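Structural features, examined
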Protein chains: 2
Amino acid sequence: MGWLVDETGLEKNAANHVALTPLSHLKRAADVHAGRTALVWKSTRRSYAEYLDRTTRLASALARRGVAPGDVVATLLPNIPQQAEAHFGVPACGAIINTINTRLDADTVGYIFGHAGAKIVLVDTALLPLAEAAIKKMEGSAPQIIEVCDREAGFTPGRHYLEYEDLLAEGDPEFDWVLPEDEWESLAINYTSGTTGRPKGVVYHHRGAYLATMANVIAWRMQLFPKVLTIVPLFHCNAWVQPWLVPMMGGTLVCCRDVTAKAIYDAIADEGVTHFGGAPIVLNTIINAKDADRRAFDHVVEVFTAGAPPPAATLAAIEPLGFNVTQVYGLTETYGPATECLWQPEWDDKTGEDRAAFKARTGVPMAMLEAAEVHDTHGVPVPRDSAHLGEIAMRGNMVMKGYYKNPQATAEAFKGGWFRSGDIALQHPDGYIKITDRAKDIIISGGENVSSVEVEGALMHHPAVSLCAVVAKPDAKWGEVPCAFVELKSGAEVTEEELIKFCRARLAGFATPKAVVFCELPKTSTGKIQKFELRAVAKLMAQQQGVTA
Amino acid sequence: MGWLVDETGLEKNAANHVALTPLSHLKRAADVHAGRTALVWKSTRRSYAEYLDRTTRLASALARRGVAPGDVVATLLPNIPQQAEAHFGVPACGAIINTINTRLDADTVGYIFGHAGAKIVLVDTALLPLAEAAIKKMEGSAPQIIEVCDREAGFTPGRHYLEYEDLLAEGDPEFDWVLPEDEWESLAINYTSGTTGRPKGVVYHHRGAYLATMANVIAWRMQLFPKVLTIVPLFHCNAWVQPWLVPMMGGTLVCCRDVTAKAIYDAIADEGVTHFGGAPIVLNTIINAKDADRRAFDHVVEVFTAGAPPPAATLAAIEPLGFNVTQVYGLTETYGPATECLWQPEWDDKTGEDRAAFKARTGVPMAMLEAAEVHDTHGVPVPRDSAHLGEIAMRGNMVMKGYYKNPQATAEAFKGGWFRSGDIALQHPDGYIKITDRAKDIIISGGENVSSVEVEGALMHHPAVSLCAVVAKPDAKWGEVPCAFVELKSGAEVTEEELIKFCRARLAGFATPKAVVFCELPKTSTGKIQKFELRAVAKLMAQQQGVTA
């Protein structure tokens, strides 16, 4: 411990210590980058001076309406400027922001309202029915609804609720922000999109969000003045801390209410977007864009992708279009991305499958994560031999405070002094981690572990396949067998038998799908395929064949 | 204060909280960038794996020799790899590193040995006589000398002291680093190069050094794998935290024992150096390089310069050579640079004097400094009118803990909750600060404030002038008058009268130098001109003219 013999007078004071908080980034940007464009949404363009003015008004108005430090303010909003503003305006009055997934059902939203105890909820005009239904179903006192009317998307405000712009008008632009005195104070609650049971409320602190902004800048090779397109929903781990990161860099957050190939291409060509994050499905959207939607641009767009490793075929198709794809990995519990597939310059000349294999690595801890390891069931790191499997465990300042009102789940998640991700991986000799499967995605067939990711990778090579997902189907003989669900490219045709044969040429017998279902895949709002729904279908198929799980 | 209603289970624990320390950067780099080159010095090339091995051995060997956590280990070393290693090896055993300016006199070095209470000092072979003389003059118990023999510079070890490589050989490469439990623990002591009185020991903490690495990365527009040349001495604010920053970015620290034009050009051309920092005099060294020393390169080198604003003529000469110059400002008390002249893209088309005027701004707070303002004598910010003068005041996490064993000076420096720099500046309407003078450099002539920087800027436009410094000379009539000391370019000639006339055409009468002395300017080891020596000369000149100050 580095305490000098005499530390008299060397204590913290107002001059040399400030609680870390991402709020500092906007305060500084409003001064240093006052006239620079902070937010873009269609014809709406807000400078950093305006951004500060509006978020200060929001904080003031919330405080006047009774929001006290420590209270929760929720949002049900798409990726529009008001959602970004809430990321500063809510904590600037000392409150905790709870951005709620807009694709959830009313029952779950009601549960979240009640569990977080939101006093106020900011609701997009289109989502008012959801909020109202949720309030009807919830227990406890309901949040007050503020309507956020996205005029750029053609909405006009109803007359039922106070509208966001009127709320801002109530606010004092000279209001003094309530900054954290302790950087461990809570900043945000994000409910995990649990596929079973009630979602858990992941609590973020100011310190972690601040440090995560720095980690992402380094990993994303970001320099001053980035233009970041909001593809990852702001309600999903606060879009991987992007709204807090962009002001630190004097950049522009370009909003995107609906993710379409046209919207992405237009944002790149018209707004000069340099960075965005998204699930691999977003990459497919870009690759499969109609010619009319494609636009020319002459810079390289840095893309973070997460949720699943980008298949080789996807990488091969998207890189020549001007996108550099880096896989990142994380969970709601780690402020989004916490590991990065840090690309080593020595790999530059790799091509095709070989290149894709490197790009598909889960990677190494980001600079502000202390450690990411693969642990066996005893919490001991597995050998770095590209073979032994274990659970990804992480620790450091980018790990959540815990689950709100759930100390038992928190203790479980942090057992042994590491955050246990539940995801299964191996570690290569150079330290790079490679997820073999998200914990619940492993298929055990005849005692053999089948990586659904590997089977999906094989399927994606077939020219007719646009998208696929592989889950376990209960089987009388093997316990489980891989069952594939496939979306075909428009106009393409292939039979179940052909696809199985195609896979068999590339995979071990036990890993080859025993059934293929052609259908549109169910997806979450973040573009993740809802495997739990497919598992239910596979189970039903098995039952109809007389097999019960 | 953002504490939720129920914070049960949301406390800090080993999984979600780690004390911030730059030591984490090397631990991660040794894993993530194991084979990448960390350090270069002539034919010496060390990978990150070797860097970790050697610093671990150093920490272990120091601990075995009785260095306990909280003890001080000093260095008297040039910019060689061993000095960088000490930046990790010393704190890795819990000790505090005290890099001592190698150009100091023995008396001052002895004072520092005694004041800091160093147990061990690592000394370059060439500096052994200085260390020995310092020990003779010091009070208290003397540090044990370890000789650091720079074989790359042609030295061979004497037989008098334990040599550094033998010390490392004693160390255990499996030694567990002593990491800070509290990020406020002390990391380094840097003695200010006080021009009068005894130097003060500025104490850094782990938190501040960690955050300063990030601030510099953003300001320096640095992406992964930078190659940083050590021009700023590692004993000068730990080279602006560069040894701690480079591993975070997986970069290479290229050592430079003696700063010459040839060494700089060779490092850029042969090692691909991308970044370095240095005083404006280093820019002049590059500009005035002999043709034989110049090398071709095809990238832009990002240069941080500090100590004095780069004169227009210097900028005009160096930018076409492939260097982008950014002025930064800071003090030992702020881990080196704390403000940056953040270049706005809108200024790109500015040229000549106009461009130089913008480049000469002191700038805005770096991203991890909370605030930098210009305060009047009551601690109130001066109007942002490019006219009112005040003192630069800063606060935030990049400000020192305080002065070692000097609580009175610490309290004075932090009065009012701000660190008071002593430097005089104005603030432009856009918030950019502009130093008019380091506090002690102002000349008051007939009641008018004369900025010595402004007079020097005028002189630098004369084609014969290579370098100059302007100080106050006591004057019977005006109180003080500007007196210029000038170095001419090799072969150039100009008279005192010609230079005065040249200045008069550009400056107010009271600002025009009344005397010009041609001589070689005295400089500190960091390339700063020693104005206090020139002031002594000017005072003597005045005395000889019958004027006493």
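- Chain A is annotated in an unreviewed UniProt entry as Acyl-CoA synthetase of Gemmobacter nanjingensis.
- According to the UniProt record, the Sequence similarities (unreviewed entry) comment for chain A reads "Belongs to the ATP-dependent AMP-binding enzyme family."

Some thoughts on the interface of chain B and chain A
- Taken together, the contact between chain B and chain A spans 85 residues of the former and 86 residues of the latter.
- Taken together, both faces of the contact between chain B and chain A bury some 7,000 Å²; the carbon and sulfur share is 58%.
- Here chain B and chain A share 10 salt bridges between them.
- B:E7 serves as the salt-bridge partner of A:K401, at 2.7 Å between the closest nitrogen and oxygen.
- In this structure, the connection of chain B to chain A is made through 42 residue pairs in polar contact (both at pLDDT 80 or more).
- Taken together, the residues that form the side of chain B that touches chain A break down as 44 nonpolar, 20 polar and 21 charged.

Some thoughts on the environment of A:E183
Residue and element names in this part refer to chain A.
- Along the polypeptide, E183 turns up in the loop between α6 (164–170) and β8 (186–191).
- Separated by 26 residues in the primary sequence, E183 and A209 place their C-alpha atoms 9.9 Å from one another.
- Among the polar contacts listed, one links the side chain of E183 to the side chain of R207, at a separation of 2.7 Å.

Thoughts on the sheet that holds strand β1 (residues 37–41) of chain A
Residue and element names in this part refer to chain A.
- Ordered by their spatial adjacency, 9 strands build an open sheet running β2-β1-β11-β10-β12-β13-β14-β15-β16, and the pairing between neighbours is mixed. Where the open sheet ends on each side, the last strands, each with one partner, are β2 (44–47) and β16 (364–365).
- Here β1 pairs with β2 via 4 bridges, running antiparallel. Counted as the bridge partner of W41 is T44 from β2.

Here we look at the packing of aromatic side chains
Residues and elements named next belong to chain B.
- Taken as a whole and assessed by the stated rule, the structure comprises 23 aromatic pairs over all chains.
- The interplanar angle of 35° and the centroid separation of 6.0 Å between the aromatic rings of Y48 and Y51 together place this pair among those described as tilted. Taken together, the residues span about one helical turn, with Y48 and Y51 both in helix α2 (residues 48–64) at a distance of 3 residues.
- Note on Y48: relative accessible area 0%, which makes it buried.
- On the basis of relative accessibility, which here comes to 2%, the residue Y51 falls in the buried class.
- On the numbers, 6.4 Å between centres and 80° between planes, the contact of Y265 with F323 is edge-to-face. Here F323 lies in strand β14 (residues 323–331) and Y265 lies in helix α9 (residues 261–271), a separation of 58 residues in the sequence.

Reading guide: rules and limits
Residues numbered from 1 in each chain as written. Chains lettered and ligands numbered in written order. Predicted model: local features only at pLDDT ≥ 70, side-chain atom pairs only at ≥ 80, totals over all residues. Heavy atoms only, no water. UniProt positions renumbered as here; feature names shortened; annotations may be inferred. Contact = heavy atoms within 4.5 Å. Buried area = accessible area lost by both parts, 1.4 Å probe. Salt bridge = Lys/Arg side-chain N within 4 Å of Asp/Glu carboxyl O. Polar contact = N/O pair within 3.5 Å; in protein donor to acceptor, adjacent residues only side chain to side chain. Nonpolar A, V, L, I, M, F, W, Y, C, P; charged D, E, K, R; others polar. Helix = DSSP H or I, 4+ residues; strand = E, 2+ residues; numbered from the N terminus. Pairing = 2+ DSSP bridges. Phe/Tyr/Trp six-rings, centres within 6.5 Å; stacked < 30°, edge-to-face > 60°. Buried < 20%, exposed > 50% of the residue type's maximum accessible area, 1.4 Å probe, protein only.

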